[in-house]
Structure formats: C-alpha cells, structure tokens
Amino acid sequence: MKIYISVDMEGGTGIASAKHMRDAGYTRMCKLLTQDVNAAIAGAFAAGATEVLVNDAHGSMTNILIEELDERASLISGSNKQLLQMEGLDASFDAVFFVGYHAYEGNADGVMNHTIYGGAVTEIKRNGEVVGETAINAGIAGAYGVPVALVVGDDVLCREA
Ligand SMILES: [Zn+2]
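Throughout what follows, the structure given in this document is the object of discussion. (Residues numbered from 1 in each chain as written. Predicted model: local features only at pLDDT ≥ 70, side-chain atom pairs only at ≥ 80, totals over all residues. Heavy atoms only, no water.)

1. Side note on the environment of Cys158
Then comes step 1: Examined against the element boundaries, Cys158 turns out to sit in helix H3 (residues 155-160).
Then comes step 2: Considered as a pair, Cys158 and Val7 are 151 residues apart in the sequence and their alpha carbons are 16 Å apart.
Then comes step 3: Not counting residues up to four positions away in its chain, the partners in contact with Cys158 are Val151 and Gly153. (Helix = DSSP H or I, 4+ residues; strand = E, 2+ residues; numbered from the N terminus. Contact = heavy atoms within 4.5 Å.)

Here it is in structure tokens:
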C-alpha cells in the first residue's frame, strides 16, 4: 500500500500566528511540523503501508527537517514543482493524506485561512462553489483515482473537508 502525504504548514501543531512562521518561531514550527508528519507516517505504516512519499508543500517547500523525518518515508523537498502541493502523485498510490492544511481564504475563524497565496488570491470557485487548497488538491488526487484518507488541520478545515 502506497501513501502520499502533502504537507502544508499553517495547520501544523502550535501554529497560530504569522509570527510562528518567521525567525526563531519558524525554526520551532519546522520541528513540530516534522513531528506531525512523523505521526502520519507512523499511522500509515501501522495500517499496512509499504511505501510513503512526503511532499513538502509550503512556501519554499523546504520546511520538513529530513534529519528528523521517519526514515521509512521518502521526501520531495524544494521547488519549483509542476504539481505544487501534489508533486509526485500518480495513480500507483492508494491514498492521500493532507497534513498541516488550513481553511480557505475567508472561511470563518480558520487559523491563518488563505487560498494558495493570501496577498494575491481572494477566492477560487469550482463549479460555483468556493474551494480551498484541500478541495483543489483533492481534485488532483481524484484525477489520478486516489482517494483522500486523512486531512489534518483546525476544526474549521475539518468542517470544510
Ligand atoms: Zn502554506
């Protein structure tokens, strides 16, 4: 069983403010985010995964600490990526996890809610419905026939998912 994990950051453990995404706060949050990813990897293997691919998918896409990442997983780090947050996914995977994800721009009190790039994107609609990164990336997974099995973020994101 092959599991694909797309890892954003704003919905990671301990992240509640843009200050957490800068300077010393950022260094701390990279460590916590890597622990979130390790929990997802451990869950995947406990459930029978034989292969886990992790895609670092926030900002510069260099947030996950490879030296602290569960060594059973493979990591895609850095950018540019044609499929951005879904780089490396193909139809050979059995399930997708989204870790560290966040609600779409304007979705109530979602922690650090935004869509793609907060300074430029105010709203994206698909078939008339407002969507965020979770729905957009689930659509990419769906195009490959791969179901989304786990979404990790705050309570607003969970309702959105
Ligand atoms: Zn992000």
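2. Side note on the coordination of the zinc ion
Then comes step 1: For the zinc ion, the protein coordination sphere consists of Asp8 (OD), Glu10 (OE), Glu10 (OE) and His58 (ND1), at 2.0 to 2.7 Å.
Then comes step 2: Classification of the site at the zinc ion as irregular follows from its 4 donor atoms and the range of 51 to 141° in their angles at the metal.
Then comes step 3: Between consecutive donors of the zinc ion, the numbers of intervening residues give the motif D-x1-E-x47-H. Here the residue Glu10 occupies a position in the loop between strand S1 (2-7) and helix H1 (23-46), and His58 occupies one in the loop between strand S2 (51-56) and strand S3 (73-76), the gap between them amounting to 48 residues.
Then comes step 4: Overall, the relative accessible area of 7% leaves Glu10 in the buried class. (Donors = N, O, S within 2.8 Å, 3.2 Å for Na, K, Ca; no water. Tetrahedral: all angles 85-135°; square planar, octahedral: opposite > 155°, others 65-115°. Buried < 20%, exposed > 50% of the residue type's maximum accessible area, 1.4 Å probe, protein only.)

3. A word on the sheet that holds S1
Then comes step 1: As summarised here, the arrangement of the 5 strands in space is S3-S2-S1-S4-S7, forming an open sheet in which the pairing is parallel. Strands at the two margins of the open sheet, each flanked by one partner only, are S3 and strand S7 (148-151). Sheet twist, expressed as the average angle between the axes of neighbouring strands with direction ignored, equals 20°.
Then comes step 2: Note that strand S4 (residues 95-99) and S7 share 3 bridges and pair parallel. From the neighbouring strand, Val96 faces S7, where its bridge partner is Val148.
Then comes step 3: This element, H1, spans S1, S2, S3 and S4 of the sheet and lies at about 155° to S2. (Pairing = 2+ DSSP bridges. Axes fitted to C-alpha atoms, helices over the stretch in contact; angles between N-to-C directions.)

4. Focus: helix H2 (residues 133-143)
Then comes step 1: Among all positions in H2, only Glu133, Thr134, Asn137 and Ala141 are buried. When H2 is viewed along its axis, its buried side chains cluster within an angular range of 95° and face the same direction.
Then comes step 2: Where H2 ends, the next residue or the one after it, Gly145, has phi of about 75°, a positive value. (Arc of directions from axis to C-beta.)

5. Let's talk about the packing of aromatic side chains
Then comes step 1: This model, assessed by the stated rule, comprises 2 aromatic pairs.
Then comes step 2: Consider the rings of Tyr4 and Phe93, whose centres lie 5.6 Å apart with planes at 80°: the pair is edge-to-face. A residue pair is termed long-range when its members are at least 10 positions apart, and Tyr4 in strand S1 and Phe93 in the loop between S3 and S4 qualify at 89 residues.
Then comes step 3: Here Phe93 falls in the buried class, since its relative accessible area comes to 7%.
Then comes step 4: Ring geometry for Phe98 versus Tyr101: centroids 4.6 Å apart, planes at 15°, classification stacked. (Phe/Tyr/Trp six-rings, centres within 6.5 Å; stacked < 30°, edge-to-face > 60°.)

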